[in-house]
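# Examining the three-dimensional arrangement
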Amino acid sequence: MARVYAIASAKGGVGKTTTTANLGTVLSMAGQDVVVVDGDLGMPNLAGALGVDPDRETLHDVLTGETTVESATYEGPEGLSVLPGSTALEAFASANAKELHPVIEELKERYDIVLIDTGAGLSDDTFVPLKLADEVLLVSTTEREALGDTEKTRQLGERIGADVVGVVLTRVNQSNPNADEVASLLDTGVIAVVPEDSAIREALSTQVPVVARAPNSIAAAGYRALAEALTGNP
Ligand code: ADP
Ligand code: MG
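Here is a short report on the structure shown in this document. (Residues numbered from 1 in each chain as written. Chains lettered and ligands numbered in written order. Predicted model: local features only at pLDDT ≥ 70, side-chain atom pairs only at ≥ 80, totals over all residues. Heavy atoms only, no water.)

Looking at where Thr19 falls in the secondary structure, it is placed in helix H1 (residues 16–29). For Thr19, the side chain forms a polar contact with the main-chain oxygen of Gly15, separated by 2.7 Å. Among residues more than four places away in sequence, those in contact with Thr19 are Ile7, Gly24, Val139, Thr170, Tyr223 and Leu226. (Helix = DSSP H or I, 4+ residues; strand = E, 2+ residues; numbered from the N terminus. Polar contact = N/O pair within 3.5 Å; in protein donor to acceptor, adjacent residues only side chain to side chain. Contact = heavy atoms within 4.5 Å.)

Neighbouring ligand 1 are 14 residues, the closest being Gly13, Gly15, Lys16, Thr17 and Thr18. At 2.9 Å from an oxygen atom of ligand 1 is found a main-chain nitrogen or oxygen belonging to Gly15. Note that an oxygen atom of ligand 1 is positioned 2.9 Å from one of the side-chain N or O atoms of Arg171. Contact with the protein chains hides 82% of the accessible area of ligand 1, taken as 560 Å² for the molecule alone. Mapping ligand 1 onto the cavity grids shows that it belongs to the largest pocket. Counting residues per element, the ones that place at least two in the shell around ligand 1 are H1, strand E8 (190–195) and helix H9 (198–206). (Near = heavy atom within 4 Å. Areas by Shrake-Rupley, 256 points an atom, 1.4 Å probe, with all protein chains shown as cover. 1 Å grid on protein atoms, 1.4 Å probe; cavity = no way out; pocket = protein on both sides within 12 Å on 5 of 7 lines; lining within 4 Å. Sits in = over half its atoms within 2 Å of the grid points.)

Let us look at the sheet that holds strand E2 (residues 34–38). Pairing is mixed in the open sheet, where 8 strands are placed in the order E3-E4-E2-E5-E1-E6-E7-E8. Edge positions in the sheet fall to strand E3 (74–75) and E8, since each of these pairs with one other strand and no more. Where strand E6 (residues 135–140) meets strand E7 (residues 164–172), 5 bridges bridge the pair, whose relative direction is parallel. Residue pairing in the sheet places Leu138 in a bridge with Val167 of E7. (Pairing = 2+ DSSP bridges.)

Next up on the list: empty space enclosed by the protein. Across all of its chains, the model carries 1 cavity of 30 Å³ or more by this definition. Considering only enclosed or pocket space, the largest cavity measures out at about 70 Å³ in volume. Surrounding the largest cavity, Thr18, Ala21, Asn22, Ala49, Ile200, Ala203, Leu204, Val208, Pro209 and Val210 form its lining. Of the residues in the lining of the largest cavity, the class split is 8 nonpolar, 2 polar and no charged. (Points joined across faces, edges and corners; volume = space filled by probe spheres on them. Nonpolar A, V, L, I, M, F, W, Y, C, P; charged D, E, K, R; others polar.)

Here's what the structure looks like:
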């Protein structure tokens, strides 16, 4: 039975999708059977970060009962499986996040690790994955606003009984983080730090995750450390 992680923060643009893509790829490179699920039903962009073109059915079609999990699962980099979303507005309008439950149950039978990327805000897109996950991994930059929004996600997780494992601090540069400030704004431990790295942007433009495209980059090292901290596997 797989372990299910939700990657979450109420703040947009803090690196949730980048983290899901790279953590999934690192774990797959380490020999784990991993699937990443695009739980950001409104703005799905996980496929793009992984070089997957969702030209057949997507998670949205699974949620509306039009297709099976298997036919909406694509092959990503390094043996990673990807369950992408549809970018069509009509697909968003007809899909309901509450239908994720049986999808995740099915994936748990087939994989070692299930990672669910989530959207910004505190809507059902976030709430449902937090409920379904064994562990919640928060993602934040070190800006006050981002830490404050991420704290709200932590509180939501706590309220519904989710197990929050800690926060990945992203886009960190030499002048931050101020550890005391992080601790005062966000009530959980830092599980890994991913530096600001231009290799991430280059990777995104080629649609190959940085851990595969630039394994010697500082961001890739951060993501490998995250994988190790989470699972004990390098
Ligand atoms: P979210 O899913 O939380 O909205 P994304 O993963 O889409 O955030 O990241 C937002 C932007 O930040 C993207 O353009 C991404 O390339 C960039 N980014 C994320 N992490 C880093 C990093 N460590 N260094 C540089 N740019 C980054
Ligand atoms: Mg995202």
